[in-house]
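In case you want the letters, here they are:
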Amino acid sequence: MTGARLGAGAAPGKIILLGEHAVVYGQPAIAAALSIGLGAACEAHPVPRLRIPAWGQSGLDITLDGSRLDAVGRAFAAILAVVDPPSRAVLVTVDGELPLGVGLGSSAAFAVAVARAVADHAGKRLDQAQILAAAAAAERVFHGNPSGLDHTVCTLGGCLLYQRHATPRFTPLAVARPLDAVLAWTPRAGSTRQAVEGLRARHDAAPAQYDRLFEYMGALTRAGEQALAAGDADALGRLFDLAHGCLNACGVSTPTLEAMVHTARSAGALGAKLTGAGNGGAVIALTDGDSQPVHAALRTAGFQAAICRIGG
Ligand code: MEV
């Protein structure tokens, strides 16, 4: 019996700091949990129901009543099936600052926060493997066959070095201190798959040149690992600038992403780059601790932006 007990769960968003796209070609990437994320509240309800006021045109309100479900509804059902099969009569409400669909791990944060809230409501303590299993079930609904990077970072937090092998390998990284940053974002044109396939076609037309570029991007990631361990924000900012140039060379930047990067640098960012698949999506700008001027410049230029910390 759960009675009037309210369950709560939360999960951070994720960001790729260095190595996106090159990771597809065997190079390492670094991902980190964000200080912004999603929260979920779970209470008893006659039929399983999910409410996300901030998603969609006028919010999502999905009831698992046997009618046809969209991806969010199917992901919700998948989480319930893993976390709490016998008592699925719950209302889960999800909210938070994390923007949807711009490569900041919103679907993984949704899955992890919901899994934690439902388990908490049922009075269960889930270990990390169980949370990862529930989140993986939801992520398969959203993304088919994901690498696991997003929900692993959203579950474990901190900073991870990620390498694609037959089985993806995640290594927690030492971070000397949390770093201050500003995120800005714009809607994405096309999917991650399209961005990856576009770059694959460019690579296949000139493999030797692109492979050298990817090797260099891998070297930037390794240098980033050292900068994080040393807490050297200046070095990391420089690496961001270099990595952004590489991602531009990969053909995944856009005029809007370039404008956001330029605005952040002009306002004093230590470095700025696009993050994730590109073709729109998010930019991360590292700051020296005072993120206000960079945030204000991005907002004044008309971009959506938020101050955050990484590696906490
Ligand atoms: C997308 O978040 C990251 C990419 O490297 C694709 C991938 O690793 O699957 C662009």
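Quick look at the structure, then. Since this is a predicted model, take the numbers as computed values, not measurements.

The next point concerns the site of the ligand. Around the ligand lies a shell formed by I16, E20, H21, V23, V24, R164, T192, V196 and A277. H21 places a polar main-chain atom, nitrogen or oxygen, 2.9 Å from an oxygen atom of the ligand. Taking R164, its side chain carries an N or O atom lying 2.7 Å from an oxygen atom of the ligand. For the ligand, the accessible surface in isolation is 300 Å², of which the surrounding protein chains cover 83%. Under a 2 Å grid-point criterion requiring more than half of the atoms, the pocket assigned to the ligand is the largest pocket.

Before going further, it helps to examine empty space enclosed by the protein. On inspection of all chains with the given rule, the structure shows one cavity of 30 Å³ or more. Counted as a void, the largest cavity has a volume near 40 Å³. If you go around the largest cavity, the residues you meet are L18, G19, E20, M217, L220, T221 and A243. If one sorts the elements of the lining of the largest cavity by residue count, helix α6 (residues 207-230) sits on top with three residues. Its residues assigned to classes, the lining of the largest cavity shows four nonpolar, two polar and one charged.

Here we come to the layout of surface pockets. Summary: where empty space remains is shown by rolling a probe the size of a single water molecule over the atoms. As a volume, the largest pocket reaches approximately 1,200 Å³. In this structure, the largest pocket is lined by 40 residues; those nearest its centre are H143, P146, D150, T192 and R193. It is helix α5 (residues 192-205) that provides the largest number of residues to the lining of the largest pocket, a total of five residues. Its residues assigned to classes, the lining of the largest pocket shows 16 nonpolar, 15 polar and nine charged.

In this section: helix α3 (residues 128-143). Under the 1.5 Å per step criterion, the end-to-end length of α3 is 21 Å for 16 residues, consistent within 8% with the ideal 22 Å. Where α3 is buried, its residues contact α1 (71-83), α2 (106-121) and α4 (149-156). N-capping of α3 is provided by D127, with a side-chain oxygen placed 3.2 Å from the backbone N of A129. Backbone geometry just downstream of α3 places G144 in the positive-phi region, at approximately 80°.

Attention now goes to a negative patch on the surface. Negative charge collects at one region of the surface, where D232, D234, D288 and D290 lie side by side. In this structure, D288 sits in the loop between β10 (281-286) and α9 (292-300). Taking relative accessible area as the criterion, D288 reaches 59% and is therefore assigned exposed.

A few words on unusual backbone geometry. Here H21, not a glycine, exhibits a phi torsion of approximately 70°, which is positive. Positive phi, close to 60°, is recorded for N279, a residue that is not glycine. Position of N279 relative to the elements: it lies in the loop between β9 (271-275) and β10.

Applying the stated criterion to the full structure yields seven salt bridges. A salt bridge links K14 to D150; the shortest N-O distance between them is 3.1 Å. Here D150 lies in helix α4 and K14 lies in strand β1 (residues 7-18), a separation of 136 residues in the sequence. A salt bridge links E20 to K273, with the shortest nitrogen-to-oxygen separation between them at 2.8 Å. Placement of the pair is E20 in the loop between β1 and β2 (29-44) and K273 in strand β9, with a sequence separation of 253 residues.

Conventions adopted
- Residues numbered from 1 in each chain as written.
- Predicted model: local features only at pLDDT ≥ 70, side-chain atom pairs only at ≥ 80, totals over all residues.
- Heavy atoms only, no water.
- Near = heavy atom within 4 Å.
- Polar contact = N/O pair within 3.5 Å; in protein donor to acceptor, adjacent residues only side chain to side chain.
- Areas by Shrake-Rupley, 256 points an atom, 1.4 Å probe, with all protein chains shown as cover.
- 1 Å grid on protein atoms, 1.4 Å probe; cavity = no way out; pocket = protein on both sides within 12 Å on 5 of 7 lines; lining within 4 Å.
- Sits in = over half its atoms within 2 Å of the grid points.
- Points joined across faces, edges and corners; volume = space filled by probe spheres on them.
- Helix = DSSP H or I, 4+ residues; strand = E, 2+ residues; numbered from the N terminus.
- Nonpolar A, V, L, I, M, F, W, Y, C, P; charged D, E, K, R; others polar.
- Expected span 1.5 Å × (residues − 1).
- Contact = heavy atoms within 4.5 Å.
- Patch = residues over 30% accessible without salt bridge, like charges linked within 9 Å, V, L, I, M, F, W, Y side chains within 5 Å.
- Salt bridge = Lys/Arg side-chain N within 4 Å of Asp/Glu carboxyl O.
- Lys, Arg positive; Asp, Glu negative; His and termini not counted.
- Charge placed at Lys NZ, Arg CZ, Asp CG, Glu CD.
- Buried < 20%, exposed > 50% of the residue type's maximum accessible area, 1.4 Å probe, protein only.

Structural measurements only, silent on function.
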